[in-house]
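Observations on the model geometry
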Amino acid sequence: MNASSEWRMIRIGLLVAMALIVAAVAIVGITSRQKLFERKVEYYSVFPDAAGLKEGGGVWYQGVEVGFISRIGFTRDEDNSGVIVHFKVAADLVPRIRSSTRATIRTLGLLGDKYLALTTAADTKNEPIILPGNAIPIDRTLNLEALGRGAQDLIGNTTELSRNINTLIQTFNTGKGALPRLLNDPEHPYWGRYEGDE
């Protein structure tokens, strides 16, 4: 075997080794996020809006990550514009998911990643358990995040309106355009004339 053939075999071996390392890192990453070797059960919730949730996103219970979003789609009822979110959580969480458990969409960190949060009231030992395969109701209380988004939109619209008004005032002050000339030019034939003037 000549030197060029040996070098070719070495390069092929290095490429295969790198591919195996990348695959191993990917598998470890997916496994650590979705815990593939942990038994999971599935629930679902229906939201009026997915609000940026993505498949594979995290599911948290009382501040602890316990699962992931498996599927997002529309409800079967065409008259209902809701979005159905299927998610899987660890099987040992089932006894904690009670009738008072609620699902809500929240934002994680400064990057704004969305996740599904499950919360349960403090004293729930006498409440029935929601079994896997059933719906977990959503939290219909005041959504501060949605309120914040609405406030941001309002501020943005107000800022834009103020900017447009300032531009209009500057246009009047510089005398550009027909209307400013009509109002500010005393030599204009219509300047100073009002309705009813002869």
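You'll find the structure just up there.
Residues numbered from 1 in each chain as written. Predicted model: local features only at pLDDT ≥ 70, side-chain atom pairs only at ≥ 80, totals over all residues. Heavy atoms only, no water.

A few points about the side chain of Thr-75
Just so we agree on the cut-off: Here a strand is any run of E in DSSP of at least two residues, a helix any run of H or I of at least four, and the numbering for each starts at the N terminus. Only protein chains enter the calculation, and the probe is 1.4 Å; a residue is then buried if its accessible area is under 20% of its type maximum, exposed if over 50%, and partly exposed in between. Whether two residues are in contact is decided by their heavy atoms, any of which lying within 4.5 Å being enough.
In this structure, Thr-75 sits in the loop between strand E3 (64-74) and strand E4 (83-90). When its relative accessible area of 18% is taken as the criterion, Thr-75 is described as buried. Among residues more than four places away in sequence, those in contact with Thr-75 are Val-46, Asn-80, Gly-82 and Ile-84.

Here we look at the nonpolar core
So the rule is basically this: Put simply, buried Ala, Val, Leu, Ile, Met, Phe, Trp, Tyr and Cys residues joined by side-chain atoms within 4.5 Å make one nonpolar core.
In terms of nonpolar packing, the biggest core is built from 24 residues, with Tyr-43, Val-59, Phe-87, Val-89, Leu-118 and Ile-136 touching the most fellow members. Contributions of two or more residues to this core are made by strand E1 (40-47), strand E2 (58-61), E3, E4, strand E5 (102-108) and strand E6 (113-119). Apart from the residues within four sequence positions on either side, Leu-118 is in contact with Val-59, Trp-60, Tyr-61, Gln-62, Phe-87, Val-89, Thr-101, Arg-102, Ala-103 and Ile-136.

Topic: a nonpolar patch on the surface
The test is simple: A patch is a set of surface residues, each over 30% in relative accessible area and not in a salt bridge, joined within 9 Å for like charges and within 5 Å for the nonpolar side chains Val, Leu, Ile, Met, Phe, Trp and Tyr. The Shrake-Rupley method, run with a 1.4 Å probe sphere, supplies the accessible areas, and residue values consider only the shown protein chains as cover. By convention in these notes, a salt bridge is any Lys or Arg side-chain nitrogen within 4 Å of a carboxyl oxygen on Asp or Glu.
There is a patch of nonpolar side chains on the surface, built from Met-9, Ile-12, Val-16 and Leu-20 and spanning about 400 Å² of accessible area. Following the sequence through the fold, Ile-12 ends up in helix H1 (residues 3-34). Residue Ile-12 is classed as partly exposed on the basis of its relative accessible area, which comes to 44%.

Comments concerning the packing of aromatic side chains
Our working definition: Any two of the Phe, Tyr and Trp rings considered here, Trp counted by its six-membered ring, make a pair once their centres fall within 6.5 Å; the pair's planes then place it as stacked at under 30 degrees, edge-to-face at over 60, or tilted in between.
Under the criterion given, the structure shown has two aromatic pairs. Between Tyr-43 and Phe-87, the ring centres sit 6.4 Å apart and the planes meet at 25°, which makes this aromatic pair stacked. With Tyr-43 in strand E1 and Phe-87 in strand E4, the pair connects residues that are 44 residues apart, well separated along the chain. Here Tyr-43 matches Phe-87 in class, with each residue buried. Here the aromatic rings of Trp-60 and Tyr-115 are separated by 5.5 Å at their centres, their planes lie at 55°, and the arrangement is tilted. Here Tyr-115 lies in strand E6 and Trp-60 lies in strand E2, a separation of 55 residues in the sequence. Take Tyr-115: its relative accessible area is 13%, and that puts it in the buried class.

Such coordinate-based values are descriptive only and should not be taken to indicate function.
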